[in-house]
Amino acid sequence: MATARLDYVAPWWTYWLHNFPHFNFYFQSVDSTFRPEEESYQQSLIFLACAGAVGLGLSLLVLSVYLICMCCCRRDTDEETKRPKNCCVTWTAVITGLIICSAVGVGFYGNSETNDGVYQLTYSLYNANHTLGGISNLVAASLGSVETTLKQHLERLDEIFAPRPDYLQALNFFRLMVGNIMKELTALPDVNKAKIDLAAIADQTAYIEYYRWLTYLLLLILDLLICLAVCLGMAKQSRWLLITIMAFVVISLILSWASLGAGTATAVGISDFCVSPDKFIVNQTKDFLSADVVHYYLFCSPNLPNPFQESLTICQRSLTTMQIQIQGLLRFSVPVFPTAERDLLGIQRLLNSTEFSVHQLTALLDCRGLRKDYLDALMGVCYDGVEGLLYLSLFSLLAACALSAMLCAIFRVWAIIGSRDKEYDDIDEEDPFNPQARRMSYNPRRSNIHSFCSYTSSLGSQASLHPPPQTAANVMPPPEYMNQSMLFGGNPRYENVPLIGRGSPPPSYSPSMRNTYLSMTEAQIRHFGTDFQV
């Protein structure tokens, strides 16, 4: 454990981030040493965080230029040019969707790595706080028992041993040993002077980390939902759905650039600490800890002596001497002064508990325990934490670029939908091949032609009904394909009946339709005329 300190080496990405340029608000270069209390260093980190705002502005500028070009360069294209453009838009949406999905995978990994690193940091802080708290409690308890309880026993023994000067001399020696113990215990470090509660720092760090992890998780889920919604919107070609998708894409774009700026600034600040963490800790503890104590715990080298070993040794020797004196008084003074036995036994129990506390202090003040917590915290922050932040920054960058391209594709889909609607509105309503014109030209209530279905249902009644005579001068005979629609139930489903007299090739139709058409009787043909003859 004493040489494990040599195993910690700051990872290469921390040096890379540490070399990022640091500028204040006046564009002046700032030293990259980790100094969070200085205003200039804080400004340099805020300046790095503004990189996300710059990226967002560039994205909005590109989107604006694209919209202007799309609106100014729109021109009518024929069917041969429309198809490649639609294919290009589709492939653009597919590629951006794949990039976003890949970025989401990177983001999930980075979010997990960062969370693991912060958890290791908080766990180490709790352990170190437990160790320092145990040292403070042991020192305070030992000083309290020696100052109060032991002095009370000695005062009563002074009254009991008043007739024996030799016993009083032994009690005076006791007081000298107690003074030595109190002096050495007072020389031990007082953690309360640091005015730093590691447990409070760990709680606050865990609180911030929880909401950071939750925010990134929601952003990752939002990007996945956007990919699914874009696929659905392009399939449905619904304008309201595209408007909703565009709103969420803009929100996700803003959040992605903001997370990129925040993640970059945080990663650079932590890297500045990880490059030289010992220097920062020495500066922070110089007001209440001596340099030799700090170096002993930071490096824990066998060549560095324990600064508390001398005090602990003096306490241990003083307690051992007092134990010997108490055993001698119990053996010789109790037969003469039986009332002194109670106080002597109380002093003996007190010495035993104090000696046990000194052994515990010796173990807690050893550098190996605190240095292990220190190394674990460094490994968690500088390796897992910074690495996870780099992956999250990569996710934010990829997602922001892909979302910008996806917005361009959505704008193009919107334009295509608008051009199709315009072309549909330009169709001639009098065109007989227009489905709307066909529905408008046919009205079952005004039709004088009886359908085949109605004829078969009431053949006898239709024998007496004949269509009124029509002259060729004022009324044109209905088209043959319209008679076909009348024949098959009055429903103008032209794709299900054979087209007669049409220039276009007939579409496929069901065999049942053909059999029904060919099974017409001669009486039905005589009734309707020769309009349906093949």
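Here, every reference points to the structure presented above.
Here is what the cut-offs are and how they apply
- Residues numbered from 1 in each chain as written.
- Predicted model: local features only at pLDDT ≥ 70, side-chain atom pairs only at ≥ 80, totals over all residues.
- Heavy atoms only, no water.
- Helix = DSSP H or I, 4+ residues; strand = E, 2+ residues; numbered from the N terminus.
- Buried < 20%, exposed > 50% of the residue type's maximum accessible area, 1.4 Å probe, protein only.
- Contact = heavy atoms within 4.5 Å.
- Areas by Shrake-Rupley, 256 points an atom, 1.4 Å probe, with all protein chains shown as cover.
- Patch = residues over 30% accessible without salt bridge, like charges linked within 9 Å, V, L, I, M, F, W, Y side chains within 5 Å.
- Salt bridge = Lys/Arg side-chain N within 4 Å of Asp/Glu carboxyl O.
- Axes fitted to C-alpha atoms, helices over the stretch in contact; angles between N-to-C directions.
- Left-handed = near helix turned anticlockwise from the far one by under 90°.
- Nonpolar A, V, L, I, M, F, W, Y, C, P; charged D, E, K, R; others polar.
- Parallel < 35°, antiparallel > 145°, perpendicular 65-115°, else oblique.
- Phe/Tyr/Trp six-rings, centres within 6.5 Å; stacked < 30°, edge-to-face > 60°.
- Lys NZ or Arg CZ within 6 Å of the ring centre and 35° of its normal.

Visitor: What exactly am I supposed to notice about the overall build of the protein chain here?
Guide: If you tally the helices and strands in the protein chain, you get 17 helices and zero strands. Relative to its 534 residues, the protein chain shows a buried fraction of 39%. Considering only contacts within the protein chain whose residues lie at least 6 apart along the sequence, 78% involve residues at least 24 apart. For the protein chain, the accessible area works out to roughly 30,300 Å², and carbon and sulfur atoms hold 62% of it.

Visitor: Just to check I follow, could you spell out a nonpolar patch on the surface for this structure?
Guide: Taken together, the side chains of W91, V94, I95, L98, I99, Y109, Y391, L394 and L398 make up a nonpolar region of the molecular surface, amounting to roughly 810 Å² of accessible area. Mapped by element, the contributors of at least two residues to the nonpolar patch are α3 (79-160) and α11 (367-425). Element by element, the count of residues in the nonpolar patch is highest for α3, at six residues. Mapped onto the secondary structure, V94 falls in helix α3.

Visitor: I tried to follow the packing of helix α7 (residues 277-285) against helix α8 (residues 291-299) on my own but got confused; where do I start?
Guide: For the pair α7 and α8, the least separation of the axes is 10 Å and the interaxial angle reads 145 degrees. Every pair of crossing elements has a handedness; the one defined by α7 and α8 is right-handed. Two secondary-structure elements touch here, α7 through D278, I281, V282 and T285 and α8 through V294, L298 and F299. Residues belonging to the contact of α7 with α8 are distributed by class as follows: five nonpolar, one polar and one charged.

Visitor: Would you mind going over the environment of K183 with me for this structure?
Guide: Along the chain, K183 turns up in helix α4 (residues 165-187). With 132 residues separating them in the primary sequence, K183 and C315 have C-alpha atoms 9.1 Å apart.

Visitor: When you look at the packing of helix α9 (residues 309-332) against helix α10 (residues 340-364) in this model, what are you seeing that I'm missing?
Guide: To characterise two packed helices, one gives the angle between the axes of the helices and the distance between these axes. In the contact formed by α9 and α10, the axes pass within 10 Å of each other and the chain directions differ by 160 degrees. On the basis of their axis angle, the class for α9 and α10 is roughly antiparallel. Between α9 and α10 lies a crossing whose hand is left-handed. When its residues are assigned to classes, the contact of α9 with α10 shows 13 nonpolar, eight polar and two charged.

Visitor: Sorry, what's going on with the packing of aromatic side chains here?
Guide: Two descriptors summarise a pair of aromatic rings, namely the distance from one centre to the other and the angle between the planes of the rings. Tallying each qualifying case throughout the model produces 18 aromatic pairs. Ring geometry for W13 and Y383: centres 6.1 Å apart, planes at 85 degrees, overall edge-to-face. One end of the pair, W13, is in helix α1 (residues 12-18); the other, Y383, is in helix α11, and 370 residues separate them in sequence. Their ring planes at 80 degrees and their centres at 5.1 Å tell us that W16 and F20 sit as a pair that is edge-to-face. Clustering of aromatic rings is evident, with ring pairs tying together F34, Y41, F273 and F280. One cation-aromatic arrangement involves R164 over Y167; the distance from NZ or CZ to the ring centre is 4.4 Å.

Visitor: Hey, could you run me through unusual backbone geometry in this one?
Guide: A negative phi angle characterises most non-glycine residues, just as the trans form characterises most peptide bonds. Of note in this structure, F27 is not a glycine but carries a positive phi near 60 degrees. One can find F27 in the loop between α1 and α2 (39-72). Residue F27 is classed as exposed on the basis of its relative accessible area, which comes to 61%. Phi angles above zero are rare outside glycine, and C300 is one such case at about 50 degrees. One can find C300 in the loop between α8 and α9.

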